[in-house]
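# Working through the structure, step by step
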Amino acid sequence: MTCSSDIVSDGKQLTHKDICFLLGQTEPEAVNALFKQAYQVKRDQIGTDVFLRGLIEIGNVCLRDCLYCGIRKSNPNFTRFSMTKQEIVNSALWIHQAGYGSLVLQGGELRDPDFADFIEDVLLEIKKLSGGSLGVTLSLGEQEKDVYARWFEAGAHRYLLRIESSNPKLFQQIHPPGYSLDDRITCLEYLRETGYQVGTGVMIGLPGQTVEDLASDILFFKEKDIDMIGMGPYIPHHDSPMFSTPATYEKKASFEMGLKMIAVTRIVLKDVNIAATTALQALKSDGRELGLKAGANIIMPNVTDTKYRPAYQLYDNKPGIDENSEACRNNLVLALKKVGESIVYNKWGDSKHFHKRCGLSKKS
Ligand code: SAH
């Protein structure tokens, strides 16, 4: 009988079938062996440094109506907010002084000239305040190519745009009519052509999603030569249309599949950046630390002003709602110390995969 270590260590390219086999492991011994192997690949390929990206949730006004998302356009049951330039810049300054090295600006999707100008302005200001020493990732949805280019010129150099699922049928099921996986893939191509380090990811455990779908997601990341992965368990939101449809896994299995996806993605993609996302922490308080142990190397501590956090609930029971940035940092440092992982401060922590492909162009 083939065991998972044979598949991983014999050096052959993992096939779709191999990946399904690995993701399908449920015996604790086999699952732990998989995590160990993924950690080893991380250690060999990129080392065990953990890099931080301070996450600023800049606003929850969104033109999209994604069927899974708590801040979808037609949910009237919370207050909409948009941070001012000064508020975002103040958070960026906090991140800079905390030594996080990089930040992420994430928010609802807006696609108008004023929004494009606003983000450009904010990016220029952030660059100025940090003397260009803060790494900047954007996660602001689908945009025109020239907007991506303007934001890149203004100082952003990484972009995270999840495809949510590589299965077009499933993608359709979780979005209203007219939303297209092809459009998202076109955006990933625009981002690549513009020069960004390109990040994508999926939700894990969506209703109707199979292990075969998840294996295809990993092969999609490989085929598109993705630099950064941000993925996590799907968690229902009580005010979303998908709330009444049962998720594929119960909580424990969903969490475990989240970790297995990290582990197998690490084994297949090797030198990319992989985030241990907040959704893991939502299912288990030490979820992010366990994500690092399964092959992830990035954590995105929330730096959003506490007053805005309750209004940025993409899913139910999002952690850290009443925690301020300082408490988030202290808890994280202690938690990582406990599991023996060490944080690197004041470095961008770029994707090694990106630099191997493109040569060292910017500060890493
Ligand atoms: N507007 C940006 C940011 C969206 S929020 C964009 O379109 O890229 C970031 C991610 O949160 C989404 O891509 C989605 O994968 C995740 N998300 C949204 N609702 C979720 C839910 N119910 N459970 C888990 N993750 C969710």
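Up top you'll find the structure we're talking about.
Computed from a predicted structure; not experimentally measured. (Residues numbered from 1 in each chain as written. Predicted model: local features only at pLDDT ≥ 70, side-chain atom pairs only at ≥ 80, totals over all residues. Heavy atoms only, no water.)

### Structural notes on the site of the ligand
- The environment of the ligand is made up of 18 residues, and the closest members are Tyr 68, Gly 107, Arg 162, Glu 164 and Ile 235.
- One of the backbone nitrogen or oxygen atoms of Gly 107 is found 2.8 Å away from a nitrogen atom of the ligand.
- Residue Arg 184 places a side-chain N or O atom 3.4 Å away from an oxygen atom belonging to the ligand.
- Relative to its free-state accessible area of 560 Å², the ligand is covered by the protein chains to the extent of 91%.
- Split by residue class, the shell around the ligand holds nine nonpolar, five polar and four charged. (Near = heavy atom within 4 Å. Polar contact = N/O pair within 3.5 Å; in protein donor to acceptor, adjacent residues only side chain to side chain. Areas by Shrake-Rupley, 256 points an atom, 1.4 Å probe, with all protein chains shown as cover. Nonpolar A, V, L, I, M, F, W, Y, C, P; charged D, E, K, R; others polar.)

### Concerning the packing of aromatic side chains
- Throughout the structure, instances matching the rule amount to seven aromatic pairs.
- For the pair Phe 81 and Tyr 308, a centre-to-centre distance of 4.3 Å together with 15 degrees between the ring planes defines the contact as stacked. One end of the pair, Phe 81, is in the loop between strand S1 (49-59) and helix H4 (85-98); the other, Tyr 308, is in the loop between strand S10 (298-299) and helix H13 (325-338), and 227 residues separate them in sequence.
- By relative accessible area, which is 7% here, Phe 81 ends up buried.
- For Tyr 308, a relative accessible area of 14% gives the class buried.
- Geometrically, the ring pair formed by Phe 115 and Trp 151 is edge-to-face, given 6.1 Å between the ring centres and 80 degrees between the ring planes. Here Phe 115, found in helix H5 (residues 113-129), pairs with Trp 151, found in helix H6 (residues 145-153); they are 36 residues apart in sequence, far enough to count as distant. Across this residue pair, the class does not change: Phe 115 and Trp 151 are buried.
- Aromatic rings pair up to connect Tyr 148, Phe 152, Tyr 159 and Tyr 196 into one cluster. (Phe/Tyr/Trp six-rings, centres within 6.5 Å; stacked < 30°, edge-to-face > 60°. Helix = DSSP H or I, 4+ residues; strand = E, 2+ residues; numbered from the N terminus. Buried < 20%, exposed > 50% of the residue type's maximum accessible area, 1.4 Å probe, protein only.)

### Topic: the pattern of salt bridges
- In this structure the tally under the stated criterion is 27 salt bridges.
- Linking Arg 184 and Glu 164 is a salt bridge whose minimum nitrogen-to-oxygen distance equals 4.0 Å. With a gap of 20 residues between them, Arg 184 in helix H8 (residues 181-194) and Glu 164 in the loop between strand S4 (158-160) and helix H7 (168-173) connect regions that are remote in the sequence.
- Looking at Arg 184, the relative accessible area reads 11%, which means it is buried.
- Since its relative accessible area comes to 9%, Glu 164 is described here as buried.
- Asp 227 serves as the salt-bridge partner of Arg 192, at 3.3 Å between the closest nitrogen and oxygen. Taken together, the residues Arg 192 in helix H8 and Asp 227 in the loop between helix H9 (211-223) and strand S7 (228-229) connect sequence positions 35 residues apart.
- You can call Arg 192 partly exposed: its relative accessible area is 27%.
- By relative accessible area, Asp 227 is classed as buried at 0%. (Salt bridge = Lys/Arg side-chain N within 4 Å of Asp/Glu carboxyl O.)

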